[in-house]
Number of protein chains: 2
Amino acid sequence: MAASPSMTDPHPLDAMYEPLAVAVRRLVDFTIRTEADGAAVLAATRLVNETSELLGVALMPGSFGVRTAPDGRVGVLGNVVIGTRNPVAPPLVVHHEADGRVWAEFVLGAQYEGSAGHVHGGICALILDHVLGATAHQPGRPAYTGTLTLRYVRGTRLGALRAEARVDRVDGVKTFAVGEIYDAEGVTVTAEGVFVRPKVQAP
Amino acid sequence: MAASPSMTDPHPLDAMYEPLAVAVRRLVDFTIRTEADGAAVLAATRLVNETSELLGVALMPGSFGVRTAPDGRVGVLGNVVIGTRNPVAPPLVVHHEADGRVWAEFVLGAQYEGSAGHVHGGICALILDHVLGATAHQPGRPAYTGTLTLRYVRGTRLGALRAEARVDRVDGVKTFAVGEIYDAEGVTVTAEGVFVRPKVQAP
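Per an unreviewed UniProt entry, the recorded name for chain A is Acyl-coenzyme A thioesterase THEM4, and the organism is Mycolicibacterium hodleri. Under the heading Sequence similarities (unreviewed entry), UniProt records this for chain A: "Belongs to the THEM4/THEM5 thioesterase family."

Set out below in structure tokens:
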């Protein structure tokens, strides 16, 4: 089994594009927080446009979508939450436990700010939507979000955070999932989601 | 009145940093969609790091927060939804009608993708959290999100979208706001939010 590819091996396309995304993620942060003078900002803007010219010679149309690598493995590298090629994504690494629970630990910086020093409430919703969906999902039989309810217990400060989710119960095509975001002091936001698994059609 | 500054004038800091954020926003998109070869990607990564060196000579600590410009006006340029200095933000321009309704029209591309070709459900939540908050907010007396409930009617395709929100009713410190995201065919996601306005403390 050691020689067969698994979902935890590095994706072949990652080696080429992931370091670029890592660099752009840092640039996004610096673009918000820089106090460099006008000349430096002007020079930086020119360099960014030069970089886009280099990358723009060949672009996939529309969006990344779900792409199959040469070895047949499926990747969602463009996903806004987990995509390692998407500089907007933190990106989350979602861990799946044997009992179906999922969790992720991550750091949210300046680019996710809402009120001063705090994670935007909608970014908490984005993270929770994703991890609740991850626990409701079964391989090959995706579940779609029906409803999502968020309860904001207190402000979530920018910094190191943890998200958890688990299935509360299943009723027919509906999976009820619950989860929370935690900082060092405890829960900041809770969520309940109803995920709908389309019935398998008879062939 | 023509000579006095208003919130709709360009922010003094915008002229310096906004074109940089616009350029980085395009670079984020290209980073996800590029099919350039390894040599170009390597060269691009080097240029991005060079750019970060330029901008990183002086950085504000932590996050952008709420900053006051030299002319005394308050800016939220780092906000993840509306911040013109934040390359992660679309950025939304939220229009306020005289009757309290708010709306925004915007385009979401590859960097906001969830399932293939569609806006991540959590990004819809982020947009709706923000516009519902904007309608519940009163100048100088901010309202905080208590709960937010999203109902996903159907998938929201990447592209041109519109969000709307309005206050449904006010009950003491609680403001009940509702809103929707629309594509060309109609509503894709609806939201209800309860916003809490802290009581003004006696001095």
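After presenting the structure, the write-up continues.
Asks: Now, about the relation of the copies chain A and chain B: what can you tell me, with residues and values included?
Replies: In this structure, two copies of a chain are linked by a rotation about an axis accompanied by a shift along it. Once chain A is rotated about the relating axis by 180 degrees and shifted along it by 0.0 Å, it coincides with chain B to within an RMSD of 0.0 Å. This pairing of chains is accounted for by a two-fold axis. Across chain A, the smallest distance between a C-alpha and the rotation axis is recorded for A:Thr149, namely 2.1 Å. By residue overlap, the copies meet face to face through one surface: 100% of the interface positions of chain A are interface positions in chain B.

Asks: Help me get a handle on the nonpolar core, residues and values and all.
Replies: In this structure, A:Ile123, A:Leu132, A:Leu150, B:Ile123, B:Leu132 and B:Leu150 are the most contacted members of the largest nonpolar core, which totals 92 residues. Taken domain by domain, this core gets at least three of its residues from each of domain 1 (1–91) and domain 2 (92–196) of chain A. Discounting chain neighbours no more than four positions away, the residues touching A:Ile123 are A:Leu108, A:Tyr112, B:Val80 and B:Leu126.

Asks: Give me the lowdown on the packing of aromatic side chains, citing residues and values where you can.
Replies: Throughout the structure, instances matching the rule amount to zero aromatic pairs over all chains. Directly above the ring of A:Tyr17 sits A:Arg85, whose terminal nitrogen or CZ lies 3.7 Å from the centroid. We note B:Arg169 situated over the ring of B:Phe176; from NZ or CZ to the ring centre the distance is 3.9 Å.

Asks: Run through the packing of helix α2 (residues 38–55) of chain A against helix α2 (residues 38–55) of chain B, naming residues and quoting values.
Replies: Two numbers describe how α2(A) lies on α2(B): the axes approach to 9 Å, and their chain directions differ by 170 degrees. The orientation of α2(A) with respect to α2(B), classified from their angle, is roughly antiparallel. For the pair α2(A) and α2(B), the sense of crossing is left-handed. On α2(B), the residues that touch A:Ala40, A:Val41, A:Ala43, A:Ala44, A:Leu47, A:Val48, A:Glu50, A:Thr51, A:Leu54 and A:Leu55 of α2(A) are B:Ala40, B:Val41, B:Ala43, B:Ala44, B:Leu47, B:Val48, B:Glu50, B:Thr51, B:Leu54 and B:Leu55. Of the residues that constitute the contact of α2(A) with α2(B), the class distribution is 16 nonpolar, two polar and two charged.

Asks: Let's hear about unusual backbone geometry: which residues, and what values?
Replies: The peptide bond linking A:Pro90 to A:Pro91 adopts the cis configuration, its omega dihedral lying at -20 degrees. In this fold, A:Pro91 is placed in the loop between β2 (74–75) and β3 (95–96).

Asks: Residue-level account of the side chain of B:Glu164, with values.
Replies: Position of B:Glu164 among the secondary structure elements: in strand β6 (residues 159–171). Setting aside its immediate chain neighbours within four residues, B:Glu164 contacts B:Val102, B:Trp103, B:Val131, B:Val178, B:Gly179, B:Glu180 and B:Tyr182.

Asks: Let's hear about the interface of chain A and chain B: which residues, and what values?
Replies: Between chain A and chain B, the contact holds 77 residues from the first and 77 residues from the second. Considering only the side of chain A, the residues that lose the most area to chain B are A:Thr31, A:Ile32 and A:Arg33, jointly responsible for 9% of the buried surface there. For B:Arg26, the salt bridge is made with A:Glu53, and the minimal N-O distance between the two is 3.6 Å. Remark: the boundary between chain A and chain B carries 35 residue pairs in polar contact (both at pLDDT 80 or more). Ranked by residue count, the leading element in the side of chain A that touches chain B is α2(A), at 15 residues. The residue inventory of the side of chain A that touches chain B, partitioned by class, reads 41 nonpolar, 25 polar and eleven charged. The sheet contact formed by strand β5 (residues 144–152) of chain A and strand β5 (residues 144–152) of chain B spans five bridges and is antiparallel. Bridging from a neighbouring strand, A:Thr147 pairs with B:Arg151 of β5(B).

Asks: How would you explain the sheet that holds strand β7 (residues 174–183) of chain B if you had to name every residue and give the values?
Replies: Each strand in a sheet pairs with its neighbour through backbone hydrogen bonds, running either in the same direction (parallel) or in the opposite one (antiparallel). Across the sheet, twelve strands lie side by side as β3(A)-β4(A)-β6(A)-β7(A)-β8(A)-β5(A)-β5(B)-β8(B)-β7(B)-β6(B)-β4(B)-β3(B); this open sheet has antiparallel pairing. Only two strands of the sheet have a single neighbouring strand rather than two, namely β3 of chain A together with β3 (95–96) of chain B. Sheet analysis places β3(A) next to strand β4 (residues 102–108) of chain A, joined by two bridges and oriented antiparallel. Within β4(A), the position partnered with A:His95 by the bridge is A:Trp103. The sheet contacts of helix α3 (residues 121–136) of chain A involve β3, β4, β5, β6 (159–171), β7 (174–183) and β8 (186–196) of chain A together with β5 of chain B, and relative to β8(A) the element is tilted by about 50 degrees. Here helix α3 (residues 121–136) of chain B sits on the sheet and contacts β5 of chain A together with β3, β4 (102–108), β5, β6, β7 and β8 (186–196) of chain B; the angle it forms with β8(B), its principal contact strand, is near 50 degrees.

Scoring rules and cut-offs
Residues numbered from 1 in each chain as written. Chains lettered and ligands numbered in written order. Predicted model: local features only at pLDDT ≥ 70, side-chain atom pairs only at ≥ 80, totals over all residues. Heavy atoms only, no water. UniProt positions renumbered as here; feature names shortened; annotations may be inferred. Least-squares fit on C-alpha atoms with pLDDT ≥ 70 in both. Contact = heavy atoms within 4.5 Å. Core = buried A, V, L, I, M, F, W, Y, C linked by side-chain atoms within 4.5 Å. Buried < 20%, exposed > 50% of the residue type's maximum accessible area, 1.4 Å probe, protein only. Domains from an automatic or database assignment. Phe/Tyr/Trp six-rings, centres within 6.5 Å; stacked < 30°, edge-to-face > 60°. Lys NZ or Arg CZ within 6 Å of the ring centre and 35° of its normal. Axes fitted to C-alpha atoms, helices over the stretch in contact; angles between N-to-C directions. Helix = DSSP H or I, 4+ residues; strand = E, 2+ residues; numbered from the N terminus. Parallel < 35°, antiparallel > 145°, perpendicular 65-115°, else oblique. Left-handed = near helix turned anticlockwise from the far one by under 90°. Nonpolar A, V, L, I, M, F, W, Y, C, P; charged D, E, K, R; others polar. Buried area = accessible area lost by both parts, 1.4 Å probe. Salt bridge = Lys/Arg side-chain N within 4 Å of Asp/Glu carboxyl O. Polar contact = N/O pair within 3.5 Å; in protein donor to acceptor, adjacent residues only side chain to side chain. Pairing = 2+ DSSP bridges.

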